[in-house]
Amino acid sequence: YNEPLPLAHVANIVNTSSSHFCRLFKQSTGLTFTDYVTRVRIEKAKNLLLNPKRRVSEIAYSVGFESLSQFNRAFKKITEKSPSEFRKDTQAHENG
């Protein structure tokens, strides 16, 4: 999850075309391959955000995002909060 994961490479590993792999993956999971990988990365990032000593940018790159803006957009789309808001809310919940 934390390294580049090109669709063509994954499809090749399972010995199928990219389009066939995408179809099978969506049928099996209900998500596109890209959406699934993004969700896995965001779930890992949520766990890492529990450590207040780690910078958001460090976490973004460690879970496989190529840019901080890409990470922020994906995080907000999935959680409806920015990474900083998520961290703040989580810490307030633990302390409250």
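Residues numbered from 1 in each chain as written. Predicted model: local features only at pLDDT ≥ 70, side-chain atom pairs only at ≥ 80, totals over all residues. Heavy atoms only, no water.

S.K.: So what's going on with the overall build of the chain? Residues and values would help.
M.R.: When its secondary structure is counted, the chain shows six helices and zero strands. Listed N to C, the secondary structure of the chain is α-α-α-α-α-α in terms of helices and strands. Based on the C-alpha atoms only, the size of the chain along its principal axes is roughly 50 × 25 × 20 Å. Of all 96 residues assigned to the chain, the portion counted as buried reaches 27%. Taking as baseline every contact in the chain between residues at least 6 positions apart, the subset at least 24 positions apart corresponds to 46%. For the chain, the accessible area works out to roughly 6,500 Å², and carbon and sulfur atoms hold 51% of it. Here the chain holds 15 positive side-chain charges and 9 negative ones, and the gap between their average locations is 1 Å. (Helix = DSSP H or I, 4+ residues; strand = E, 2+ residues; numbered from the N terminus. Buried < 20%, exposed > 50% of the residue type's maximum accessible area, 1.4 Å probe, protein only. Contact = heavy atoms within 4.5 Å. Areas by Shrake-Rupley, 256 points an atom, 1.4 Å probe, with all protein chains shown as cover. Lys, Arg positive; Asp, Glu negative; His and termini not counted. Charge placed at Lys NZ, Arg CZ, Asp CG, Glu CD.)

S.K.: Any details on the environment of V56? Residues and values, ideally.
M.R.: On the secondary structure map, V56 appears in helix α4 (residues 56–62). Measuring from C-alpha to C-alpha, the distance between V56 and A45 comes to 8.8 Å, with 11 residues separating the pair along the chain. Not counting the four nearest positions on each side in its chain, V56 is found in contact with L49, L68, F71, N72, P83, S84 and R87.

S.K.: Describe the nonpolar core, and please don't skip the residues or the numbers.
M.R.: Counting 13 residues, the largest nonpolar core has F71 and F75 as its most contacted members. When contributions to this core are tallied by element, the ones reaching two or more residues are α3 (33–48), α4 and α5 (68–79). (Core = buried A, V, L, I, M, F, W, Y, C linked by side-chain atoms within 4.5 Å.)

S.K.: Report on a nonpolar patch on the surface, specifying residues and quantitative values.
M.R.: A cluster of nonpolar side chains, contributed by Y1, Y36 and V40, occupies part of the molecular surface with about 260 Å² of accessible area. Looking at the element boundaries, Y36 is found in helix α3. Its relative accessible area of 39% is what places Y36 among the partly exposed residues. (Patch = residues over 30% accessible without salt bridge, like charges linked within 9 Å, V, L, I, M, F, W, Y side chains within 5 Å. Salt bridge = Lys/Arg side-chain N within 4 Å of Asp/Glu carboxyl O.)

S.K.: Help me get a handle on the side chain of R87, residues and values and all.
M.R.: Summarising the element assignment, R87 is placed in helix α6 (residues 83–95). Buried and without a salt bridge, R87 has E58 as its closest oppositely charged side chain, separated by 7.7 Å. A polar atom in the side chain of R87 sits 3.0 Å from the backbone oxygen of N51. In this view, R87 contacts L48, L49, N51, P52, R54, V56 and I59; residues no more than four positions away in its chain are not counted. (Polar contact = N/O pair within 3.5 Å; in protein donor to acceptor, adjacent residues only side chain to side chain.)

S.K.: Which residues make up the packing of aromatic side chains, and what values do they have?
M.R.: For any two aromatic rings, the description comes down to two numbers: the centre-to-centre distance and the angle of the planes. Applying the stated criterion across every chain yields a total of seven aromatic pairs. A centroid spacing of 5.5 Å and a plane angle of 85° characterise the contact between F25 and F33, whose relative ring orientation is edge-to-face. The exposure class of F33 is buried, given its relative accessible area of 8%. Relative to F71, the ring of F65 lies with its centre 5.3 Å away and its plane at 65°, an arrangement referred to as edge-to-face. Residue class for F71 comes out buried when judged on its relative accessible area of 0%. Here the aromatic cluster, defined as three or more aromatic residues joined through ring pairs, consists of F21, F25, F33 and Y36. (Phe/Tyr/Trp six-rings, centres within 6.5 Å; stacked < 30°, edge-to-face > 60°.)

Without other data, these values stay purely geometric and don't point to any function.
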